[in-house]
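Single-letter residue listing:
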Amino acid sequence: MADPGGSGFDDKLAYFQAITGLEDTELCTEILSAHNWDLELAISSFTSTADSPSRPSAPSSSLAPAEGAQAVVASPLTDLAPQASPGLTWRLITLPFYVVSGGIGLISGAVGLGAWVAGSVLSRSLGLLGFLPAREQHESDRLIPVSASAAEAADFVAAFERNFGAASASRPNFVAEGFMDTLQRSQREFKLLFVYIHSPDHPDVPVFCAECLCSGLVAPFVNENFVCWGGSIRGSEGFKMSNSLKASRFPFCAVVMASTNQRIALLEQVEGLKTPEEMLAILQRVLEESTTPLVTARLEAEERRNNLRLREEQDAAYRAALEADQARELQRKEEQERLEREAMEAERRNKEEEETRDRAIREAVEREAAITRRRQEKAMSLGAEPAKGPDVTRVLVRFPTGERKERRFDSTATVQALYDYVDSLDCLNAEKYNLVSNFPRVSYGPEKFSLTLKEAGLHPQASLFVEIES
């Protein structure tokens with residue numbers, strides 16, 4: 001057996017007492033221990049096997065509140081009447097049935113689920129083929145699976161509409177959801193939760209439903225100011241809530257609201273037959289007394305939403321500014337990279353141009369040096385100019401610029417000596433040229449370089465001009 005000393009076991013014990021209405025801590029501890037502290041199994045076994053005269057039987061539910069959840073009713077406005085604890089004899093008789101019924105309930109639940117699925121498929125197929133008559137909408141197969149508490153609530157709403165809705169112009173708009181889901185809905189909508197526990201066997205219930213709940217005074221007021229939930233004591237969750245709210249007389253209504261730690265606060269109980277005027281007065285009073293916390297909660301929620309929206313807007317503005325800054329930074333980097341590339345390209349071009357200029361200057365200097373060196377070599381190869389004599393030839397050279405140069409050569413000197421003389425002068429920059437005579441026109445080209453001046457017919461004097469080759 002599990003040790004019930006921890007805080008989790010204390011929460012389970014308190015929740016089990018709130019659901020079952022049992023105040024005997026020792027008995028509840030024994031029941032939970034017999035079910036290995038499985039809260040769902042213990043509650044299901046209790047509601048399905050308990051046979052007390054003061055409590056009607058109710059079918060077991062496969063869906064119980066989550067383990068560790070708190071649903072103890074705290075009533076700041078009314079004192080709830082305590083219920084008598086079962087005696088020792090009841091403990092000794094029922095405890096073995098709880099132990100046995102837990103395993104049977106699990107097996108029967110699995111078998112029942114398989115049978116329900118098979119039956120639903122078969123009946124739907126036969127209905128489509130026309131062998132079965134069409135059923136009403138609220139009894140049709142649910143295509144979307146729902147919880148047991150929601151299905152029970154939907155069945156109650158359908159039965160209430162069938163029995164009392166058609167005869168009246170108005171009725172409470174009961175929510176077809178489980179109690180805890182409806183409680184959360186009321187909390188989201190900042191409304192109180194109006195709870196109606198239906199007892200089909202009570203003689204005052206039909207009159208109360210038809211003349212009070214469905215009256216033109218009560219139903220519109222309830223629908224406008226409350227979230228409505230109803231359940232029958234013949235249903236599992238309706239029976240549990242009647243125990244939790246400690247309903248002692250019927251017709252029974254209550255007004256509750258969500259409290260802290262998943263608890264509910266009982267604001268008002270309405271027991272017994274009431275006129276529409278009495279019911280309306282009670283509900284108006286409860287609504288006026290509970291307006292302040294609802295308004296406060298609504299304002300706090302609106303403030304939270306506004307703060308959240310403001311934070312979202314600020315975050316969006318920050319993200320937009322950040323993206324704009326990042327875009328500007330990226331653009332700045334791209335522009336900087338472009339300028340750097342252009343600067344590098346300009347520097348490369350300048351360097352190439354500078355190298356080209358340096359190379360041209362260097363080549364020009366080298367060429368000028370080569371020309372100067374060649375002139376010096378040519379001048380040295382000519383030797384000294386001979387004096388006038390019968391064996392001396394006088395040669396006059398005219399340049400394209402109009403400049404004229406004259407020199408004496410030995411008649412035995414070759415035509416090559418004339419070219420060496422022209423090359424030694426600083427009068428001609430061309431490298432390819434010919435020496436030509438006018439009358440008669442004779443060109444003294446390379447083929448005559450080896451002839452002496454006398455052999456070439458240039459002795460004793462000659463007049464030549466420089467003809468540059470194109």
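Because the structure is predicted, anything quoted here is derived from the model rather than measured. For every chain, the first residue of the written sequence is number 1, and numbering continues from 1 onward in sequence order. For this predicted model, a pLDDT threshold of at least 70 governs which residues receive local features, and a threshold of 80 or more governs which side-chain atom pairs are given and counted, while totals over whole chains, interfaces and linings are taken from all residues. Computation of side-chain values covers all heavy atoms of the structure but excludes hydrogens and water.

(A) Fine view of the nonpolar core. The term nonpolar core refers to a set of buried residues drawn from Ala, Val, Leu, Ile, Met, Phe, Trp, Tyr and Cys, joined through side-chain atoms within 4.5 Å. Throughout, exposure labels follow a simple rule: accessible area from a 1.4 Å probe, protein chains only, divided by the maximum for the residue type, with under 20% read as buried, over 50% as exposed, and the rest as partly exposed. If you look at the biggest cluster of nonpolar residues, it comprises 32 residues, and the most contacted ones within it are F160, L192, F194, Y196, F226 and L283. Secondary-structure elements contributing two or more residues to this core are α5 (148-165), β2 (192-198), α7 (205-213), α8 (218-225), β3 (226-232), β4 (252-258), β5 (264-271) and α10 (276-289). Comment: elements are numbered from the N terminus, with helices defined as DSSP H or I runs of at least four residues and strands as E runs of at least two. Considering every element that reaches this core, the biggest residue donor is α10, with six residues. Any two residues having at least one pair of non-hydrogen atoms within 4.5 Å are treated as being in contact. When near neighbours in sequence (up to four residues on either side) are disregarded, F226 contacts K191, L192, F194, F221, V255, L283 and L287. Counting 24 residues, the second largest nonpolar core, distinct from the first, contains V395, Y421, C427 and Y433.

(B) Expanded view of the pattern of salt bridges. Here a salt bridge means any side-chain nitrogen of Lys or Arg lying within 4 Å of a carboxyl oxygen belonging to Asp or Glu. Under the definition given, this model contains 19 salt bridges. The closest approach of N and O atoms between R348 and E345, which form a salt bridge, is 2.1 Å. Of this pair, R348 and E345 both sit in helix α11 (residues 291-382), three residues apart, roughly one helical turn. For R348, a relative accessible area of 37% corresponds to the partly exposed category.

(C) Broad picture of the packing of aromatic side chains. Any Phe, Tyr or Trp ring, taking Trp's six-membered ring, that has another such ring centre within 6.5 Å forms a pair; planes under 30 degrees apart are called stacked, those over 60 apart edge-to-face, and the others tilted. Counted according to the given criterion, the structure contains 15 aromatic pairs. Between the aromatic rings of F160 and F164, the centroid separation amounts to 5.1 Å while the plane-to-plane angle is 50°, which identifies the pairing as tilted. One end of the pair, F160, and the other, F164, are both in helix α5, four residues apart, so they sit about a helical turn from each other. A relative accessible area of 2% means that F160 is categorised as buried. Classification of F164 by relative accessible area gives buried; the value is 13%. Seen from their ring centres, F160 and Y196 are 6.4 Å apart, and the 70° between their planes marks the pair as edge-to-face. Note that F160 is positioned in helix α5 and Y196 in strand β2, a separation of 36 residues in sequence.

(D) Structural context of the packing of α11 against helix α12 (residues 415-424). As a packed pair, α11 and α12 sit with axes 8 Å apart at the nearest point and diverge in direction by 135°. Overall, the two elements α11 and α12 adopt an arrangement that is oblique. Where α11 crosses over α12, the two elements pack in a sense that is left-handed. Here R375, K378, A379, S381 and L382 of α11 come into contact with α12, specifically with Q416, A417, D420, Y421, D423 and S424. A class-by-class count of the residues in the contact of α11 with α12 yields four nonpolar, three polar and four charged. Angles here are taken between N-to-C directions and fall from 0 to 180 degrees, while the axes themselves are lines fitted to C-alpha atoms, restricted in helices to the stretch in contact. Between 65 and 115 degrees an angle is taken as roughly perpendicular, under 35 as roughly parallel, over 145 as roughly antiparallel, and anywhere else as oblique. Whether a crossing is left-handed or right-handed is set by the direction in which the near helix is turned from the far one by less than a right angle, anticlockwise for left-handed and clockwise for right-handed. Here the term charged refers only to Asp, Glu, Lys and Arg, the term nonpolar to Ala, Val, Leu, Ile, Met, Phe, Trp, Tyr, Cys and Pro, and the term polar to all other amino acids, Gly among them.

(E) Looking closely at the pairing of β4. Most of β4 is tucked away: six of the seven residues are buried. The pairing of β2 with β4 spans five bridges and is antiparallel. Opposite I197, over in β4, you have F252 as the bridge partner. Two strands pair under a simple rule: DSSP has to find at least two bridges between them. Sheet topology note: the β4/β5 ladder contains seven bridges and is antiparallel. Bridging across to β5, A258 finds its partner in I264.

(F) Inspection of the sheet that holds strand β7 (residues 404-410) at higher detail. The sheet built from five strands is open, its strands ordered β7-β6-β10-β8-β9 with mixed pairing. The sheet terminates laterally at β7 and β9 (442-444), the two strands that pair on one side only. Averaged over all neighbouring strand pairs, the angle between strand axes comes to 35°, with direction disregarded. Pairing analysis gives three bridges linking strand β8 (residues 433-437) to β9, with the strands arranged antiparallel. In the sheet register, V436 faces β9, and the bridge partner there is S443. Lying on the sheet, α12 is in contact with β6 (392-398), β7, β8, β9 and β10 (461-468); it crosses β8 at an angle near 120°.

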